[in-house]
Amino acid sequence: MAADRTLIIGAGPAGLAAARALTEQGLPYDHVERHSDVGGLWDIDSPGTPMYESAHFISSRTMSGFPGYPMPEDYPDYPNHRQILAYLRSFAADASLTDRITFHTEVVAIEREGDGTFLVTTRSGDGAERSEEVTKYGQLIAASGVQWDPNVIEIPGYAGEIRHSVTYRDPSEFAGRRVLVVGAGNSGCDIACDAARSADHAAISMRRGYWFIPKHIFGQPVDVFAESGPTMPMWLEQAVFGRLSRVINGDPTRLGLQKPDHKLFETHPLLNDQLLHHLQHGDITARPGIASAEGTVITFTDGTTEDVDLVLLATGYRHTIPYAQSLFGDEQHPDMYLTAFARTPALYGIGFVETNSGAYVLMDMLSQMVAQHIADRTRRPDAWTAFERHVATDRPDLSGGIHFVDSPRHQGYVDAHAIQKYLRAVARRMGWTLRA
Ligand SMILES: Cc1cc2nc3c(=O)[nH]c(=O)nc-3n(C[C@H](O)[C@H](O)[C@H](O)COP(=O)(O)OP(=O)(O)OC[C@H]3O[C@@H](n4cnc5c(N)ncnc54)[C@H](O)[C@@H]3O)c2cc1C
């Protein structure tokens, strides 16, 4: 009966993790994806993806694969986007998940019925062939990604071309142009490096100073190095890695960067050795936040100016779930217990965790917990009801003692160690098993 079934929306890494977990529990499910294949945003040909040619993983191959399915040994420390896509496609094929996905099918609306089931409207096909269907489901897992809805800012007075980095694909777009990249997340830094090499003139505007974490320490990827050492309290980790960063990178202000206004790890880690290289070689100029603009001249908060004909906004994304926003709440950061259990029963989200480590391990842990909670609904109804009470009321502190900066990007941000420890404790309490 359809109401017993679960629908998984999206076949990126989060949707695949969810599908594997439901399969392992022997639960009936349907899986839909609006694109033509598996891979989510890592498929550079998927319309609307934020992927660009120079993108690589920033967490290492060693730390980033799905548990039980490591990335290939011959991958480099930081694989490129095509390698990540190939890895995801082989994961899906080897776990027999691909054949169960209905492609070219988009969820456009979800309504919750009085009996707690969901009416899901899907749209399939194109043009005259387009058709809509409404199906009833008992459970829904939203795994539709959080990097598709660009957060666009206005620059009043600016008369040149301005667009969001979601549209950026490769450095040829910069040839013969004077480019300003706004925002210094990992994508912003990558794209600024492309501009440093390909534009007539390149600049990057950052509202605050950031810590740059080296990609390798003693020849090891930094996350492998960090995990292999002794467990340290956070204040000591901040002191040790802060000192290391200063020893390797020196004083950031000598490169025109601002001094960080926060301690190490209090913002999402920036792993980009190349931006420092290009700043050191004068290929790009670092500027603070934008104060005003007139024509093509942009004035920064320190009074300096840049005359540019292209502004690329690397200003992040809103975590919208357009087909079910009212059920999930806040558009910047949907309100979910442990980042996966919506406050509405039988509604889940995978892929919404914002953390300082590779995300796939967490996607897998959360998927296993969601699957076992769904299984409890019929197999152990008392356990299901008891857990729903936690979902409604429990709001644990998952910061691991780190005071993440107060910014939209860090709203709901969690420390990877703190959330993993908490998830294991919850699973133990519920009698659920998690892969080691
Ligand atoms: C440049 C870059 C570098 C990154 N580096 C790392 C890294 O080093 N380590 C790491 O762990 N993470 C990294 N990430 C984070 C990245 O978000 C994840 O790797 C991952 O792709 C997110 O998976 P997802 O399945 O949640 O979402 P997505 O990959 O976005 O997949 C969502 C899927 O849902 C589909 N979909 C959306 N809406 C609908 C709908 N209504 N109906 C049907 N289908 C729908 C989409 O077509 C898509 O296929 C990086 C991201 C970027 C952009």
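Quick notes on the rules
- Per-chain numbering applies: the sequence of each chain, read as written, is numbered from 1 onward.
- Given that the model is predicted, a residue must reach a pLDDT of at least 70 before its local features are reported, and side-chain atom pairs must reach 80 or more before they are shown or counted; all residues, however, enter totals for whole chains, interfaces and linings.
- Neither water nor hydrogens contribute to the side-chain values; these are computed over all heavy atoms in the structure.
- Each domain span listed reflects an automatic or database assignment of domains.
- Note on contacts: a residue pair is in contact if any heavy atoms of the two residues lie within 4.5 Å.
- Summed over both partners, buried area is the accessible surface (1.4 Å probe) that two parts give up on being assembled.
- Between Lys or Arg on one side and Asp or Glu on the other, a salt bridge is scored when a side-chain nitrogen of the former is within 4 Å of a carboxyl oxygen of the latter.
- N or O atoms within 3.5 Å of each other form a polar contact, as long as, within protein, one can give a hydrogen and the other can take it, and as long as residues adjacent in sequence are counted only when both atoms are side-chain atoms.
- Ten residue types, Ala, Val, Leu, Ile, Met, Phe, Trp, Tyr, Cys and Pro, are classed as nonpolar, four, Asp, Glu, Lys and Arg, as charged, and the remainder, Gly among them, as polar.
- Secondary structure is summarised from DSSP: a helix means a run of H or I of at least four residues, a strand means a run of E of at least two, and numbering begins at the N terminus for each.
- A 1.4 Å probe rolled over the protein chains alone gives each residue an accessible area, and that area as a share of the maximum for its type sets the label: buried under 20%, exposed over 50%, partly exposed in between.

*Asks:* Please clarify how the domain arrangement of the protein should be interpreted in this entry.
*Replies:* Note: interface size is frequently given as the accessible area lost on complex formation between the parts. Segmenting the protein into domains produces domain 1 (2-148 + 317-430) and domain 2 (152-313). Domain 1 and domain 2 are separated by 29 Å when their C-alpha centres are compared. Each partner contributes residues to the interface: domain 1 has 30 residues there, and domain 2 has 28 residues. Together, the buried faces of domain 1 and domain 2 total about 2400 Å²; carbon and sulfur atoms form 55% of this surface. Looking at the side of domain 1 facing domain 2, the largest losses of area belong to Tyr 52, Ile 58 and Tyr 78, adding up to 27% of the total buried there. Between the two partners, domain 1 and domain 2, sit 0 salt bridges. Taken together, domain 1 and domain 2 are joined by 11 residue pairs in polar contact (both at pLDDT 80 or more). In terms of residue class, the side of domain 1 that touches domain 2 is built from 14 nonpolar, 13 polar and 3 charged.

*Asks:* Please explain the environment of Gln 238 as it appears in this structure.
*Replies:* Residue position: Gln 238 is located in helix 6 (residues 234-249). Side-chain polar atoms of Gln 238 contact the backbone oxygen of Leu 264, separated by 3.0 Å.

*Asks:* I'm lost on the pattern of salt bridges in this one. Help?
*Replies:* Where charged atoms from two side chains of opposite charge approach closely, those side chains can pair. Scanning all chains against the criterion turns up 21 salt bridges. One salt bridge in this structure joins Arg 20 and Asp 364, with 3.0 Å as the shortest N-O distance. Placement of Arg 20 in helix 1 (residues 13-24) and of Asp 364 in helix 9 (residues 360-379) is noted, with a sequence separation of 344 residues between them. For the pair shown, Arg 20 and Asp 364 are each scored as buried. Bridged by salt links that share partners, the residues Arg 20, Glu 24, Asp 364 and Arg 435 form one connected network.

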